[in-house]
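Inside the fold
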Amino acid sequence: MTGYAVAIIGATGLVGTTILSLLEERDFPVKQLYLLASQQSVGKELQFRGKAYPLHDLATFDFRLSKIAFFCVGSQLAAEYAPKAAIAGNVVIDKSNFFRYHPDVPLIIPEVNLSALADYRKANIIANPNCNTIPIAVGLKPIYDAVGISRINVATYQSVSGTGKEAIIELTEQTKQLLANEPIQPKVYSQQIAFNVLPHIDDFQENGYTREEMKIVWEMQKIFADTTLAINPTAVRVPVFCGHAAAVHLETKDKLTAKQALELLSHAPGVKLITGDYPYATPARDAAGKDFVYVGRVREDISHENGLSLWIVADNLRKGAALNGVQIAECLIKQFL
């Protein structure tokens, strides 16, 4: 069988296991598979195409064995091991934020800026954008291309799976405790997350915005190659298990009616447009487990002549992270490898 030697670093995490599932679902050409995690996971196994694969220790793995490496770990581990994998001959697709702003590393969403993929040769590393940036950029791409966008005002509603397994457990346990009238002790989040919303994701910066909010600004400007794009974000954690949502308000450079926007979005790659009596998708009922970026509530802004408002929802583990990475790998194979 022709194929590629693939490594998944962080294979036991939420994104790592999702990548493993997607490689099987999409019949990705895997010839050899190496699953990497911490030393504590060595000896365990994960299933792929009906076969058990052992977990290897990241610290001792020989990256000369693999050719495509999906990094699904935090910035510290990515900074240490991704360059080693690249030097050993891998093309690295990294989901952390460590390389996203590096000038020699392309930040890729296949539906938005695939033309930048060729730049991967500079460092053999490709950065996967943030789980918020991806669906917002996919939804706005046809509008940006048609009439330009001068300003974006966005509020995100982000599920706990964006934080990791521990956050899912915390939401579950807090929900049980509150319903039983028992006291809770927040550990993952600074405050109670069950039956609550927290306008606080990542650390606060000197300008009063959180790092999560600034990621949207930096990444959108890099992806659209437009440093003049003005963005005002607020990122909110909500008590939802899976799926991120965003209320997006645009100021376009030229007038675009809601009808024209709907027509553009109806043909946009990766977008599922929601219309009708209930013109919106929700994370739990629509997006979770799906690969589309759902766009609805498309309407003209009554407060601005060139304003448009949209509601965007996607599965943050799939299109917001793992699927985007797998799509990048598929494009690499098709165009370069």
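Relevant structure appears above.
Values in this document were obtained by computation on a predicted structure and should not be read as measured data. Each chain carries its own residue numbering, running from 1 in the written order of its sequence. Per-residue local features are limited, in this predicted model, to residues with pLDDT of at least 70; the limit for side-chain atom pairs, both in listing and counting, is 80 or more; totals at the level of whole chains, interfaces and linings are taken over all residues. No hydrogens and no water enter the side-chain calculation; it runs on all heavy atoms of the structure.

**A word on the overall build of the chain**
Strands here are runs of E lasting at least two residues and helices are runs of H or I lasting at least four, both read from the DSSP assignment and numbered beginning at the N terminus. Along the chain, the regular secondary structure elements total nine helices and 13 strands. Relative to a compact globule of 337 residues, whose C-alpha radius of gyration would be 20 Å, the chain shows 20 Å and is just as compact. By its C-alpha atoms, the chain is 60 × 55 × 40 Å across when sized along the principal axes. Per-residue burial for the chain yields a buried fraction of 52% across its 337 residues. Here the analysis covers contacts within the chain between residues at least 6 apart in sequence; of these, 66% occur between residues at least 24 apart. Computation of the radius of gyration draws on C-alpha atoms alone. For the globule rule, the value is 2.2 Å times the number of residues to the power 0.38. Burial status follows relative accessibility: with a 1.4 Å probe on protein chains alone, a residue under 20% of its type maximum counts as buried, one over 50% as exposed, and anything between as partly exposed. By the convention used here, residues are in contact when the closest approach between their heavy atoms is within 4.5 Å.

**Remarks on the pattern of salt bridges**
Should their charged atoms come close, side chains of opposite charge can pair. One side-chain nitrogen of Lys or Arg within 4 Å of one carboxyl oxygen of Asp or Glu is enough to make a salt bridge. A complete count under the given rule lists 13 salt bridges for this structure. Between Asp 27 and Arg 49 there is a salt bridge whose closest N-O contact spans 3.8 Å. Of the two residues, Asp 27 sits in the loop between helix H1 (14-25) and strand E2 (30-37) while Arg 49 sits in the loop between strand E3 (45-48) and strand E4 (51-57), which places them 22 residues apart along the sequence. The salt bridge involving Asp 145 is made with Lys 141; its shortest N-O contact spans 3.1 Å.

**A look at the sheet that holds strand E7 (residues 125-127)**
Strands sit in the order E3-E4-E2-E1-E5-E6-E7 across an open sheet of seven strands; the sheet is mixed. The sheet is open, and its two borders are formed by E3 and E7, each paired with just one other strand. The sheet shows a mean angle of 25 degrees between the axes of neighbouring strands, direction not considered. Note that E3 and E4 share four bridges and pair antiparallel. Its bridge partner lying in E4, Phe 48 is registered against Lys 51. Between any two strands, at least two bridges found by DSSP are needed for them to pair. Lines fitted to C-alpha atoms define the axes, with helix axes restricted to the stretch in contact, and inter-axis angles between N-to-C directions lie between 0 and 180 degrees.

**A few points about the environment of Asn 306**
You can see Asn 306 is positioned in the loop between strand E12 (293-300) and strand E13 (307-314). You can call Asn 306 buried: its relative accessible area is 16%. With near-sequence residues (within four places) excluded, Asn 306 lies in contact with Leu 250, Glu 251, Thr 252, Lys 253, Asp 254 and Lys 255. Each polar contact in these results corresponds to two N or O atoms within 3.5 Å; when the atoms are within protein, one needs to be able to donate a hydrogen and the other to accept it, and residues that are neighboring in sequence are counted only if both atoms are side-chain atoms. Here Lys 253 takes part through its backbone oxygen, which lies 3.4 Å from a polar atom of the side chain of Asn 306.

**Structural notes on the sheet that holds E13**
Pairing is mixed in the open sheet, where six strands are placed in the order E9-E8-E10-E13-E12-E11. At either end of the open sheet lies a strand with only one pairing partner, and these are strand E9 (230-237) and strand E11 (271-273). Direction aside, the axes of adjacent strands within the sheet are offset by 20 degrees on average. The pairing of E11 with E12 spans three bridges and is classified as parallel. Looking at E12, one finds that Lys 272 is bridged to Tyr 294. Sitting on the sheet, helix H6 (residues 211-223) is in contact with strand E8 (149-158) and E9, with an inclination near 145 degrees to E9. Helix-sheet contacts for helix H7 (residues 258-266) involve E11, E12 and E13, and the interaxial angle to E12 is about 165 degrees.

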